[in-house]
Amino acid sequence: MSEHKNGITYADAGVDIDAGNALVERIKPAAKRTNRAGVMSGLGGFGALFDLKAAGYSDPLLVAATDGVGTKLRIAIDTGNVDGVGIDLVAMCVNDLVCQGAEPLFFLDYFATGKLDVDQAARIVDGIARGCELSGCALIGGETAEMPGMYIEGDFDLAGFSVGAMERGSALPRDVKAGDVLLGLASEGVHSNGYSLVRVIVEHSGLAWDDPCPWDGGTLGEVLLRPTRLYVKGALAAARAGCANGFAHITGGGLTENLPRVLPEGLGATVNLGAWTLPPVFRWLTAHGGMDEAELLKTYNAGVGMVVVVSADKADEATRILQEAGETVYTIGTVTDGEGVSYEGSLV
């Protein structure tokens, strides 16, 4: 019978508390970059405090959203290109918050792995901080879980949670009616949905992640890892100017499933597919995956990552505000009587 003179330590079991502490110290500067009005505490406490009054709200309602990155992480892990997935994590949460009319205030992340690689984790959290900077919210806390036996070597998972606020009475969608105009905001590519299908299509194509991308500069993996676009600042500017009746974040389910979520009962939408050009990544996925147009529009954003519903008389003003915020804006259709989304023209 073997004996351990000093007993078995937590490190012997595969959990390195010192590495976790080192990570906290490494990421403190990244978190500090995201400070904004309302933040009351730094990293390291048992909880994080936030002062809504200091953030400028008098009668606020809170809105919360949580999400992950999905199997896009598999490509990041396999290629070692983990720098952008933190932006994806933030975007999947805060882009949903603005659809309710809320300003994202703060963000917390959950990072789980089998064995903590401090350098890898610091790169991931730096991406999370960058996403928070771009959307005006503070990274005020998180959890790093080192769980040997739960993840194979090199694997990790990410989840995120964001809280936003709005003044009572300003919730979206509101006043959506037949005749309203649909403005589509261009996406940066696939964003963070449908990557299980992406990976199958790439496997069938015979290409590897480090092969040159057939439609863009860089490797296939680099291009497919392009982060989700953050629409927060432009969307909030349009909402605060009274130009937006509603927003639909086009994630899994595409235009077909997400547009109806912002429309009252009895209303549908007609979308003109000729109003924008299908980005090359979707042309490639469609060709190599044998997808028809209906499947494409129900699975991916197809080049439109956010839809803004505006009154017809405010469409020009909303377009100007969104363009000034850096968005590429397409007039893609109208709200109609009826149910569901109908399409005119063709993308492919």
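When you go through the protein residue by residue, the secondary structure sums to eleven helices and ten strands. For the protein, whose C-alpha radius of gyration is 22 Å, the value lies close to the compact-globule estimate of 20 Å for 348 residues. Pairs at least 24 apart in sequence give 84% of the contacts found in the protein among residues at least 6 apart. As displayed, the protein offers around 15700 Å² of accessible surface, 50% of which is attributable to carbon and sulfur atoms. Of the charged side chains in the protein, 25 are positive and 45 negative, and the gap between their average positions amounts to 6 Å.

Moving on: the packing of helix α3 (residues 85–99) against helix α4 (residues 118–135). As a packed pair, α3 and α4 sit with axes 6 Å apart at the nearest point and diverge in direction by 40 degrees. Overall, the two elements α3 and α4 adopt an arrangement that is oblique. Crossing angle aside, the handedness with which α3 passes α4 is right-handed. Contacts between α3 and α4 involve Gly-86, Ile-87, Leu-89, Val-90 and Val-94 from the former and Ile-124, Gly-127, Ile-128, Arg-130, Gly-131, Cys-132 and Ser-135 from the latter. Of the residues in the contact of α3 with α4, the class split is seven nonpolar, four polar and one charged.

As a further point, take the sheet that holds strand β8 (residues 304–310). The strands making up a sheet associate through hydrogen bonds between their backbones, and the pairing can be parallel or antiparallel. One open sheet holds the six strands; their spatial order is β6-β8-β5-β9-β7-β10, and the pairing between them is mixed. This sheet does not close on itself; its edge strands, each paired only once, are β6 (246–249) and β10 (341–344). The sheet shows a mean angle of 25 degrees between the axes of neighbouring strands, direction not considered. With five bridges connecting them, strand β5 (residues 181–186) and strand β9 (residues 329–337) associate as antiparallel partners. Looking at the pairing, Gly-184 lines up with Tyr-330 of β9. Each of β5, β8 and β9 touches helix α11 (residues 315–324); the most contacted strand, β5, lies at about 15 degrees to it.

This part is about unusual backbone geometry. Of note, the bond from Leu-172 into Pro-173 is cis; its omega dihedral lies within 30 degrees of zero at 0 degrees. Tracing the backbone shows Pro-173 in the loop between β4 (156–167) and β5. You will see that His-191, though not glycine, has its phi angle at about 65 degrees, which is positive. Along the chain, His-191 falls in the loop between β5 and α5 (195–205). Among the residues examined, His-191 registers a relative accessible area of 3% and is labelled buried. One non-glycine residue, Ala-302, lies in positive phi territory at about 55 degrees. By the element assignment, Ala-302 lies in the loop between α10 (293–299) and β8.

On to the pattern of salt bridges. This model, assessed by the stated rule, comprises 15 salt bridges. Linking Glu-327 and Arg-229 is a salt bridge whose minimum nitrogen-to-oxygen distance equals 2.8 Å. In this pair, Glu-327 sits in the loop between α11 and β9 while Arg-229 sits in the loop between α6 (220–224) and α7 (232–240), placing the two residues 98 residues apart along the sequence. A relative accessible area of 7% places Glu-327 in the buried class. Put simply, Glu-257 and Lys-298 hold a salt bridge, and the shortest N to O gap is 3.9 Å. Taken together, the residues span a long stretch of sequence, with Glu-257 in helix α8 (residues 254–258) and Lys-298 in helix α10 at a distance of 41 residues. Residues participating in the shared-partner salt-bridge network are Arg-33, Asp-126 and Glu-133.

Along the chain, Ser-135 turns up in helix α4. Residue Ser-135 is classed as buried on the basis of its relative accessible area, which comes to 3%. Every residue in contact with Ser-135, bar those within four places of it in the chain, is listed here: Val-90, Val-94, Leu-230, Val-232 and Lys-233.

Another point: the layout of surface pockets. Here the second largest pocket defines a volume of roughly 280 Å³. Asp-96, Cys-99, Gln-100, His-249 and Arg-261 are the residues nearest the centre of the second largest pocket, which is lined by 18 residues in total. Secondary structure elements with two or more residues in the lining of the second largest pocket: β1 (60–68), α3 and β6.

Calculation rules
Residues numbered from 1 in each chain as written. Predicted model: local features only at pLDDT ≥ 70, side-chain atom pairs only at ≥ 80, totals over all residues. Heavy atoms only, no water. Helix = DSSP H or I, 4+ residues; strand = E, 2+ residues; numbered from the N terminus. Rg over C-alpha atoms; globule rule 2.2 N^0.38 Å. Contact = heavy atoms within 4.5 Å. Areas by Shrake-Rupley, 256 points an atom, 1.4 Å probe, with all protein chains shown as cover. Lys, Arg positive; Asp, Glu negative; His and termini not counted. Charge placed at Lys NZ, Arg CZ, Asp CG, Glu CD. Axes fitted to C-alpha atoms, helices over the stretch in contact; angles between N-to-C directions. Parallel < 35°, antiparallel > 145°, perpendicular 65-115°, else oblique. Left-handed = near helix turned anticlockwise from the far one by under 90°. Nonpolar A, V, L, I, M, F, W, Y, C, P; charged D, E, K, R; others polar. Pairing = 2+ DSSP bridges. Buried < 20%, exposed > 50% of the residue type's maximum accessible area, 1.4 Å probe, protein only. Salt bridge = Lys/Arg side-chain N within 4 Å of Asp/Glu carboxyl O. 1 Å grid on protein atoms, 1.4 Å probe; cavity = no way out; pocket = protein on both sides within 12 Å on 5 of 7 lines; lining within 4 Å. Points joined across faces, edges and corners; volume = space filled by probe spheres on them.

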